[in-house]
Structures are given as C-alpha cells and as structure tokens.
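Each chain, letter by letter, is given below.
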Amino acid sequence: MNTVSGNDRPVAVLGAGSWGTALAIQFARSGRTTRLWGRDRAQLSRMAEARCNERYLPSGAFPQSLEVQADLGAAIEGAADVLVAVPSHAFRALLEQLAPLLAPQTRLAWATKGFELPSGLLPHQMAREVLGPDRSVAVLSGPTFAREVGAGLPTAMTIAAADAAVATALAQDLSAENFRAYTSTDIVGVEVGGAVKNVLAVGAGLSDGLGFGANTRVALIARGLAEMMRLGVALGAQRETFMGLAGLGDLVLTCTDDQSRNRRFGLQLAAGSTPAEALKTIGQVVEGYPAARALHEVAARHGVEMPLSESVYRVLYQGITPREAVRELMRRPIKPETE
C-alpha cells in the first residue's frame, strides 16, 4: 500500500446510511473530493437533489466537494482511499464486488463492526479471504455518533492497521481540525471492541429502561469491559487496546447516550416491545441484535465466559425476560474481580 499522502486524490465512501454519510461530509468538509455511494439508486437520487441525506442524516448539509455516485466502479475510480461503511451483514458481499475493481495502490479501510454469521469471522479476516493476504487494510473505530460528526463537532477515533506506517498515513490524510485519528496496530482488539460494545449497549438500554439506576449501569459497563477484554485476548488482541477509544471509549458512549440505536433498542425492549417491534420502531440497522447471536457463538467456540453478553442473547433469542436475566446474573458465584 502506498503511504504517500492521498489528500490530492478523491476518497470514496461506500454506504449511504447515517455513518457513511457523516464520514463523507467530514472528508468533503476538510477539502477532499469525496464520492458517496450506496445501493439504493432512488435514495441516492433524492440525496443528490436535496444535497443532504434526508432519511438518515437530515441535519448534515453536503459540502460542494461531496458527489453522490450511484455507480460503484465510478465511485472508486482514481480514489486514494476507499472507506466501507455498510452493516456487518453486507460487508462480505461488498468486498466481493470490490475485488476486481480495486487498484493495487488504493487504500481500503472500513467502519463496519461485528462478527460474521455463521463463520464468526471479524471484518479483517473476511477481507483476507476475499481480497487475499497481500491487500493492506485498516479499520476505523471509536466513540463517534454520526450526527455529531456530520455537524462538525470535535471527534477522535482510532485507525488500526497491521502496518503502523499504513495506519499513520491514513490517519494523517483523514484528520482535520475537528477530526483527530489515533493509530494502532491491533486490528483484532479494535474490531472486537466494536463488536462487543453493541451487545452491551442493548443491555444498558434494558437496564435503564427497567429503572435499575446509575449503579447498575456503571457495573454493566465495567464488567462488560472485562468481558470484552477476555474475548479479545483469547482472539489475540492486546489488553491495553480496550482501555482506549475503540474499547472503553466506544463502550461508554454507546451505553450512555440515546443517540445509540443499540441502547434505544434495549429501552424499547424494556418497555415491552418484542425485538421485531423495536427494530421496526427504530427503522435502521441495530447491529447489537445480530451481534448478540454471533457473540454467543464465538464465545462458546473459544470457551470464553461472557455472562452479560450471554444474558442479552438469552433475552433476544431465548425469550427470557430482562428481569429474569438480572436475577440469573446476581445469583452467579462470587469470584475475584480480575477473573
């Protein structure tokens, strides 16, 4: 991968949901020619006419240098950077579309979070399968809400790549006065953090929706972080990654602010909605729902104990009530906090 600055060449953002739109606005605002691509041509046409994403991010006006592009090949042609911002269930299919189109020097990164079902693979593992081991890739993660990025509010996140030089070059090209990227070489840790926090945020919404209070919420975050670390280390991650933006930072953000769709999903469930009803009410992808199932399978496969995440899974897929889940958690055997 070429680590020379790509700021004089376009960036393509693939995925026209709220997060992809916010990223595209941010990069265009910083002066880069930016192309935003999505699958829904009718929606893209409306976005091009309105110069905003009225469905997913109505408050984010498109800068002049942001182009809406319905053709995937045209979107990535000549791009220095291609950033994928699609839900986890659509990630592999998009990679397969990209494989014959990507130029060798194009930098590929993604903001997609979650394990693949049923394989249990992380996004970088899928990318290796589809694009081959020689394609250098990176992942963007951290405590970010699309509305705030779209509004230009100060934001920090992590860019992880196996090659530190790649992560640094990409971070330099994507950073701006209001958008700061830190670097990491721990792709596994950054991706595990992004996957697990969505499930725990559903649990936080359930807890708060049942009126369990601040003590419970903080306990869930702290013990959830311990679960995240256990799984990450079992998969080869570095423990210190989880104390940073992509671990603790993203976990706290998603568990405590109602901009989080995962948290709102939990709140809806606590109010008596079924998962299907809650998903319909929210009207966008709630990554924590499929992630709970994937996490259940991955943790079992690796023999990692994750009681909080497992409780969320049981509420979503096995029909136990949130109050039953809490009772089960409180009856667990006493053990040292470090375990």
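Moving on, we come to the layout of surface pockets. A volume near 1200 Å³ is recorded for the largest pocket. If you go around the largest pocket, you meet 47 residues; those closest to its centre are Gly17, Ser18, Trp19, Arg261 and Gln284. Of all the secondary-structure elements, those providing two or more residues to the lining of the largest pocket are α1 (18–29), α2 (41–50), β4 (57–61), β8 (137–141), α6 (146–150), α8 (187–209), α10 (245–256) and α11 (261–270). Taken together, the residues that form the lining of the largest pocket break down as 18 nonpolar, 19 polar and 10 charged. Lining the second largest pocket are 31 residues, with Arg223, Leu308, Leu329, Met330 and Arg332 positioned closest to its centre. Mapped onto the lining of the second largest pocket, the elements with two or more residues apiece are α8, α9 (213–234), α14 (307–317) and α15 (322–330). If you tally residues by element for the lining of the second largest pocket, the top one is α9, at seven residues. When the residues that make up the lining of the second largest pocket are grouped by side-chain class, the tally is 18 nonpolar, five polar and eight charged.

The final tally for this structure, using the stated rule, is 14 salt bridges. Between aspartate 173 and arginine 107 there is a salt bridge whose closest N-O contact spans 2.3 Å. Taken together, the positions of aspartate 173 in helix α7 (residues 164–174) and arginine 107 in strand β7 (residues 107–110) put the pair 66 residues apart, joining distant regions of the chain. Overlapping salt bridges, with partners in common, bring together Arg32, Asp81, Arg107 and Asp173 in one network.

What follows covers α7. Buried within α7 are the following residues: Val166, Ala167, Ala169, Leu170, Ala171, Asp173 and Leu174. Contact partners of the buried residues in α7: α1, β6 (81–84), β7, β8, β9 (155–160) and β10 (179–184). The backbone nitrogen of alanine 165 has a side-chain oxygen 2.9 Å away, supplied by the residue at the start of α7, namely aspartate 163.

Before going further, it helps to examine the nonpolar core. One finds Phe115, Val192, Val196, Leu231, Cys255 and Phe265 to be the most contacted residues of the largest nonpolar core, which totals 44 residues. Looking at this core, the elements with two or more residues in it are α8, α9, α10, α11, α12 (275–282), α13 (288–302) and α14. Residue contributions to this core peak at 10 residues, all from α8. Excluding residues that lie within four positions of it along the chain, phenylalanine 265 makes contacts with Val202, Pro275, Ala278, Leu279, Ile282, Val286, Tyr289 and Leu316. Ranked by size, the runner-up nonpolar core spans 35 residues in total, among them Phe62, Val68, Leu140 and Ile159.

Turning next to the sheet that holds β6. Spatial ordering of the open sheet is given by β5-β2-β1-β6-β7-β8-β9-β10, a layout of eight strands whose pairing is mixed. Of all the strands in the sheet, just β5 (66–69) and β10 have a single pairing partner and so form its edges. Here the average twist between neighbouring strands, direction ignored, is 25°. As judged from the six bridges shared by β9 and β10, these two strands associate in the parallel manner. The residue bridging methionine 157 from the neighbouring strand is alanine 181, located in β10.

The rules behind these values
Residues numbered from 1 in each chain as written. Predicted model: local features only at pLDDT ≥ 70, side-chain atom pairs only at ≥ 80, totals over all residues. Heavy atoms only, no water. 1 Å grid on protein atoms, 1.4 Å probe; cavity = no way out; pocket = protein on both sides within 12 Å on 5 of 7 lines; lining within 4 Å. Points joined across faces, edges and corners; volume = space filled by probe spheres on them. Helix = DSSP H or I, 4+ residues; strand = E, 2+ residues; numbered from the N terminus. Nonpolar A, V, L, I, M, F, W, Y, C, P; charged D, E, K, R; others polar. Salt bridge = Lys/Arg side-chain N within 4 Å of Asp/Glu carboxyl O. Buried < 20%, exposed > 50% of the residue type's maximum accessible area, 1.4 Å probe, protein only. Contact = heavy atoms within 4.5 Å. Polar contact = N/O pair within 3.5 Å; in protein donor to acceptor, adjacent residues only side chain to side chain. Core = buried A, V, L, I, M, F, W, Y, C linked by side-chain atoms within 4.5 Å. Pairing = 2+ DSSP bridges. Axes fitted to C-alpha atoms, helices over the stretch in contact; angles between N-to-C directions.

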